[in-house]
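Topology and contacts: notes
Listed below are the residues making up each chain.
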Amino acid sequence: MTLADLQALEAEHVIPSYARYPVEWVRGAGARLWDADGVEYLDFLAGISVLNVGHCHPAVVEAVRDQVGRLTHTTNLFYNEPAMRLAGRLARSSLGGKVFFCNSGTEANEAALKLVRKAKPRGTIVVLEGAFHGRTYGALSATPQESKQAPFAPLVPGFAVVAADAEAIAAVVRDDTAAVLLEPIQGETGVHQLPVELLEAARAACDRVGAALVFDEIQTGMGRTGTLWAYEQTGVVPDALTTAKALGGGLPIGALVTGPRLADVFEPGDHGSTFAGGPLVAAAANAAFDVVEDPALLERVGELGERLREGLRALPGVRDVRGAGLMVAFDIDEAPALVRRALLEQRLVLNATGPQTVRLLPPLIVGTAEIDDALRRIAVVV
Ligand SMILES: *Cc1c(COP(=O)(O)O)cnc(C)c1O
């Protein structure tokens, strides 16, 4: 089938909820993608921070091949080793409590929302301006963006929206607050790192009223910022975190990870998912985890991020280069047009999070040569 055939099928039969670029991917390896004509591209989006280990990482491919021929699905009525092993690794690498598996980021946040409500019945959940937590009704209700919410009203009640400001958070958290939910670095709205003082204020406010502090690390986790979890760089430890995107090494899996205090809030029957924590996705996730927990890789993520930001700062028209590790953005006029030209003319995959913001999320396995190559290609289109 040609690209035109795909576009015709889409026009006739695919619900038009996405705006796609006119490119069909057929193969990937590391930080490279190939289109249907065999043309090679450099991928600095990584499936929106899903391919932190790169496309078709040999260890993930091997783990999936091995598992797919033996057992793919059992339901959570039974045990499977890959899921239990992964739960242990996730909890021990972070908050030390327990894990609930699901299939995506939005589902991880749904689990977190239900958990904090059960821990503090009828409590309000505080979310921040500029947040993105997902598209299902609970997560959407936690995503205070007019364009995303308005067509789908009425939303889930019980959310309070507050400015991303330490004093505002301290003021809004009250005795009836169940939780504060936030992204340590707001990703979908343009890579805006929350100040440590804000996180500390949220921690103190939650402690004051017995509310849960929940970090959405769906985009920032799995090594993206140069530590396995972004909160490690802040000195603020949440009561729970959510992860997804890169967790499965390219396969769909999400997880809610708690600290000890929230570990036993859910009881049998409270929450569930048919697919969640299946042996196939869990095997892939264990292989991806092996890659991203490597301290040498994490250190390199920090160094390469610095190199990328420095290179971007030297380009004309580029403003406010920001981010942590390999989660990077800059502002520039007409960002979507730049991203389109980078893709179609320079064979470099980037992303625009808005009319003025370009986001870069390369696989964490890139090298300095690929960082410099991307900078050269961007320099042509800025
Ligand atoms: C991507 C993302 C989500 C939603 O994840 P899905 O897997 O698309 O449902 C939620 N929160 C953050 C911070 C994200 O980056």
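Look up: the structure comes first, before these words.
Criteria and thresholds
Residues numbered from 1 in each chain as written. Predicted model: local features only at pLDDT ≥ 70, side-chain atom pairs only at ≥ 80, totals over all residues. Heavy atoms only, no water. Pairing = 2+ DSSP bridges. Helix = DSSP H or I, 4+ residues; strand = E, 2+ residues; numbered from the N terminus. Axes fitted to C-alpha atoms, helices over the stretch in contact; angles between N-to-C directions. Near = heavy atom within 4 Å. Polar contact = N/O pair within 3.5 Å; in protein donor to acceptor, adjacent residues only side chain to side chain. Areas by Shrake-Rupley, 256 points an atom, 1.4 Å probe, with all protein chains shown as cover. Nonpolar A, V, L, I, M, F, W, Y, C, P; charged D, E, K, R; others polar. Buried < 20%, exposed > 50% of the residue type's maximum accessible area, 1.4 Å probe, protein only. Phe/Tyr/Trp six-rings, centres within 6.5 Å; stacked < 30°, edge-to-face > 60°. Parallel < 35°, antiparallel > 145°, perpendicular 65-115°, else oblique. Left-handed = near helix turned anticlockwise from the far one by under 90°. Contact = heavy atoms within 4.5 Å.

On to the sheet that holds strand S16 (residues 351-354), then. Strand order in this open sheet of four strands is S13-S14-S17-S16, and the pairing throughout is antiparallel. Pairing within the sheet leaves two strands with one partner each, and these edge strands are strand S13 (319-324) and S16. Within this sheet the neighbouring strands show an average axis-to-axis angle of 25°, counted without direction. Sheet analysis places S16 next to strand S17 (residues 357-360), joined by three bridges and oriented antiparallel. Residue pairing for S17: Ala352 is matched across the bridge by Val358.

Next up on the list: the site of the ligand. In the vicinity of the ligand, the contacting residues are Ser104, Gly105, Thr106, Asn109, Phe132, His133, Glu183, Glu188, Asp216, Ile218, Gln219 and Lys245. Taking Gly105, its main chain carries an N or O atom lying 2.8 Å from an oxygen atom of the ligand. At a separation of 2.6 Å, an oxygen atom of the ligand approaches a polar side-chain atom of Lys245. Alone, the ligand offers 380 Å² of accessible surface; in the complex the protein occludes 81% of this. Counting residues per element, the shell around the ligand draws most heavily on helix H5 (residues 105-119), which supplies three residues. Tallied by class, residues from the shell around the ligand come to two nonpolar, six polar and four charged.

Turning our eyes to something else, we now look at unusual backbone geometry. Cis geometry marks the peptide bond from Ala153 to Pro154, where omega comes out at 0°. Note that Pro154 resides in the loop between helix H7 (146-149) and strand S6 (159-162). At Cys56, a position not held by glycine, the phi torsion is positive, near 50°. Its place among the elements puts Cys56 in the loop between helix H2 (46-49) and helix H3 (58-68). Take Cys56: its relative accessible area is 54%, and that puts it in the exposed class. One non-glycine residue, Val191, lies in positive phi territory at about 60°. Tracing the backbone through its elements, the reader meets Val191 in the loop between strand S8 (185-186) and strand S9 (192-193).

Moving on to the packing of aromatic side chains. For the structure shown, the criterion picks out two aromatic pairs. Where Trp25 meets Tyr41, the ring centres are 4.7 Å apart and the plane angle is 85°; that geometry is what we call edge-to-face. Of this pair, Trp25 sits in strand S1 (residues 25-29) while Tyr41 sits in strand S3 (residues 40-43); the two residues are 16 residues apart in sequence, bridging distant segments of the chain. A relative accessible area of 34% places Trp25 in the partly exposed class. Their ring planes at 70° and their centres at 6.1 Å tell us that Phe100 and Phe266 sit as a pair that is edge-to-face.

To characterise two packed helices, one gives the angle between the axes of the helices and the distance between these axes. Taken N-terminus to C-terminus, the directions of helix H11 (residues 295-313) and helix H13 (residues 368-381) make an angle of 20°; their axes are 10 Å apart at the nearest point. Taken together, the axes of H11 and H13 are roughly parallel relative to one another. Like other packed secondary-structure pairs, H11 and H13 cross with a definite hand, here right-handed. Listed contacts from H13 to Leu304, Arg307, Leu308, Gly311 and Leu312 of H11 are Thr368, Ile371, Asp372, Leu375 and Ile378. Of the residues belonging to the contact of H11 with H13, the class tally is six nonpolar, two polar and two charged.

That's the geometry; what it means functionally is another story.
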